[in-house]
Amino acid sequence: MKTLAQIAAELEGYDPQALRAETVNVFLSELVAPISESEETGIFQALARVLAADIISPISVPPHDNSAMDGYAFDGAQLSSTSALNLKVVGTALAGKAWQGQVQPGQCVKIMTGAVMPKGLDTVVPQELARAAVESGITIPAGLLRAGDNRRKLGEDLLQGQPALQKGALLTPAALGLLASLGIEKIKVWRKLRVAYFSTGDEILSLGQAPREGAVYDSNRFTVTGLLQRLGCDVLDLGVVGDQPALLESAFKQAASQADAVITSGGVSVGEADYTKAMMHQLGDVAFWKIAMRPGRPLAVGRIGKSVLFGLPGNPVAVMVTFLAFVRPALLKMMGSTAAPAPLLKAHSSEVIRKKPGRTEYQRGIVSNAPDGSLQVRTTGNQGSGVLSSMVQANGLIVLHHNQGNVALGDEVDVMMFEGVI
Ligand code: AMP
Ligand code: MG
């Protein structure tokens, strides 16, 4: 395991006083490692878990050729582009109840969606396209179908022996359905990541406490633990810890001994007159950074014991933005996920945005479809790092990159959508 100093030494452009946002991500991906303990779970309980082993398909899906439509199955070799085909109906194939007979040329079998294709038949004419000709017969107009139409082939979803899901896959509803379609009930997943959280600051009120001058309610506890729950982490919630060395020491020690990661908010800014930074420094290997970004300049990262520490700024928007930009990708790596990050989308800015080159800015944005169907985005207005209501209004963050300057009306900007994350 590399120390912070070793990671820093290998990193190009490492300046703890003016760190670029991308450099933070590179640093953190070096700092954290995937957990190594796995467990077995039923797929009913597996939403948002991470697979700890490849899944090889034990069967083919579908297990046999079957009909994609309600209609009539026949041998497509009889189709001609110039003349209609007349077929006599000699039986019925139902879903779950195959038709066993032998079909001769000039014959067809009435078939329901999902029913096994009778032997020798490869094409289905949908019911609404087959004209009833004589009693118990149909006519298929010329040029309407090609051989093989409306038939689902054995294994067209997955063939037996093919890789179905890979180790490191985040289990989505679709992935759980796929596992079920393979008849798989139990899977190996990485154990849940345990993440401890507490808020720091003497001015922070817990819910239920009476308001007092200069004090604010602890909103970070709810935004951060909510984000952690969305990720599927086990959250150890330690509430608010006041600015007293003994309290901070026991909170850090409890958190680090019980959790894979410890997240705190507040007390990491420059000139902060509290004990949070001192305690982090005393108990662990911790770096204190100023990041060239807005909101969220200060960040403390490191290790306390075996646990990874993320000391986030206290401002309610800054805490969420730094979580999304840095902590979330790092936690996903720790969870064993190999999923690619969601792509940034491009949207046309429907307003002028002032931006200084030399820092990454994350502005709260409202993304919508323009009348021509393309994406457009506007900001939520006041971008103060304490304006939490802007995070509620926004459905994404406009990411204005380090070297980017002012945004003109109609310029394309990158947006990071909140869907499924916030
Ligand atoms: P700090 O990073 O400690 O300098 O805090 C910056 C600002 O965020 C201050 O205005 C704090 O009152 C506010 N703040 C810090 N922690 C929280 C919290 N847990 N909930 C809401 N606001 C907070
Ligand atoms: Mg403070």
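Residues numbered from 1 in each chain as written. Chains lettered and ligands numbered in written order. Predicted model: local features only at pLDDT ≥ 70, side-chain atom pairs only at ≥ 80, totals over all residues. Heavy atoms only, no water.

**Things to note about the overall build of the protein**
- In terms of regular secondary structure, the protein is built from eight helices and 26 strands.
- Relative to the compact-globule value of 22 Å for 422 residues, the protein shows a C-alpha radius of gyration of 30 Å, a clear excess of over 25%.
- Once the C-alpha set of the protein is aligned to its principal axes, its extents read approximately 95 × 50 × 50 Å.
- Counting across all 422 residues of the protein, residues that qualify as buried make up 46%.
- In the protein, once contacts between residues fewer than 6 apart in sequence are set aside, the share between residues at least 24 apart is 70%.
- Side-chain charges of the protein comprise 37 positive and 38 negative groups, with the mean position of each set lying 1 Å from the other. (Helix = DSSP H or I, 4+ residues; strand = E, 2+ residues; numbered from the N terminus. Rg over C-alpha atoms; globule rule 2.2 N^0.38 Å. Buried < 20%, exposed > 50% of the residue type's maximum accessible area, 1.4 Å probe, protein only. Contact = heavy atoms within 4.5 Å. Lys, Arg positive; Asp, Glu negative; His and termini not counted. Charge placed at Lys NZ, Arg CZ, Asp CG, Glu CD.)

**Quick notes on the domain arrangement of the protein**
- Splitting the protein by domain gives domain 1 (4–37 + 191–334), domain 2 (39–61 + 156–190), domain 3 (66–152) and domain 4 (345–417).
- The centre of domain 1, based on its C-alpha atoms, is set 33 Å off from the matching centre of domain 2.
- Facing seven residues of domain 1, the contacting portion of domain 2 comprises six residues.
- The interface formed by domain 1 and domain 2 holds zero residue pairs in polar contact (both at pLDDT 80 or more) in total.
- Considered class by class, the residues forming the side of domain 1 that touches domain 2 number three nonpolar, one polar and three charged. (Domains from an automatic or database assignment. Polar contact = N/O pair within 3.5 Å; in protein donor to acceptor, adjacent residues only side chain to side chain. Nonpolar A, V, L, I, M, F, W, Y, C, P; charged D, E, K, R; others polar.)

**Examining helix H3 (residues 173–181)**
- Three or more residues of H3 are buried, namely Ala-175, Leu-176, Leu-178 and Leu-179. The arc enclosing the buried residues of H3, seen along the axis, measures out at 160 degrees, which places them on a common side. Seen from the buried face of H3, the exposed residues on the opposite side, beyond 90 degrees, are Pro-173 and Ala-174.
- Each element contacted by the buried residues of H3 is listed here: strand E2 (55–56), strand E11 (163–165) and strand E12 (186–190).
- A positive phi of about 80 degrees marks Gly-183, the residue just after H3. (Arc of directions from axis to C-beta.)

**Examining the sheet that holds strand E21 (residues 307–312)**
- Taken in spatial order, the six strands of this open sheet run E16-E13-E17-E21-E20-E18, and their pairing is mixed. Strands with a single pairing partner mark the edges of an open sheet, and in this sheet they are strand E16 (234–241) and strand E18 (285–290). On average, each strand axis in the sheet is inclined to that of its neighbour by 15 degrees, with strand direction left out of account.
- Bridging between strand E17 (residues 261–265) and E21 involves five bridges; their strand directions are parallel. Within the sheet, the bridge partner assigned to Val-262 lies in E21 and is Leu-309.
- With respect to the sheet, helix H4 (residues 220–231) is in contact with strand E13 (194–200), E16 and E17, its orientation differing from that of E13 by roughly 170 degrees. (Pairing = 2+ DSSP bridges. Axes fitted to C-alpha atoms, helices over the stretch in contact; angles between N-to-C directions.)

**Section: a nonpolar patch on the surface**
- Residues Leu-207, Tyr-217 and Phe-222 make up a contiguous nonpolar surface patch of about 330 Å² in total accessible area.
- Within the element layout of this structure, Leu-207 appears in the loop between strand E14 (204–205) and strand E15 (216–217).
- For Leu-207, a relative accessible area of 59% corresponds to the exposed category. (Patch = residues over 30% accessible without salt bridge, like charges linked within 9 Å, V, L, I, M, F, W, Y side chains within 5 Å. Areas by Shrake-Rupley, 256 points an atom, 1.4 Å probe, with all protein chains shown as cover. Salt bridge = Lys/Arg side-chain N within 4 Å of Asp/Glu carboxyl O.)

**A few points about the packing of helix H5 (residues 245–258) against helix H6 (residues 276–283)**
- Put simply, H5 and H6 touch, their axes get as near as 10 Å, and they point 50 degrees apart. As summarised for this structure, H5 and H6 are arranged oblique, according to the angle between their axes. Seen along the crossing, H5 lies across H6 with a hand that is right-handed. When H5 is examined against H6, the residues Pro-245, Leu-248, Glu-249, Phe-252 and Lys-253 are found in contact with a partner set consisting of Thr-276, Met-279, Met-280 and Leu-283.
- Tallied by class, residues from the contact of H5 with H6 come to six nonpolar, one polar and two charged. (Parallel < 35°, antiparallel > 145°, perpendicular 65-115°, else oblique. Left-handed = near helix turned anticlockwise from the far one by under 90°.)

**Quick notes on the pairing of strand E7 (residues 123–126)**
- The side-chain alternation of E7 yields two buried faces, one formed by Thr-123 and Val-125 and the other by Val-124 and Pro-126.
- In this structure, strand E4 (residues 71–74) lies alongside E7, joined through four bridges in antiparallel fashion. Considered in E7, the bridge of Tyr-72 is made with Val-125.

**Some remarks on the packing of aromatic side chains**
- Overall, the coordinates contain four aromatic pairs when judged by the stated rule.
- Between the aromatic rings of Phe-27 and Trp-289, the centroid separation amounts to 4.8 Å while the plane-to-plane angle is 80 degrees, which identifies the pairing as edge-to-face. Linking Phe-27 in helix H2 (residues 21–31) with Trp-289 in strand E18, this pair joins segments that are 262 residues apart in sequence.
- By relative accessible area, which is 3% here, Trp-289 ends up buried.
- Through a chain of ring-to-ring contacts, the aromatic side chains of Tyr-14, Phe-27 and Trp-289 assemble into a single cluster. (Phe/Tyr/Trp six-rings, centres within 6.5 Å; stacked < 30°, edge-to-face > 60°.)

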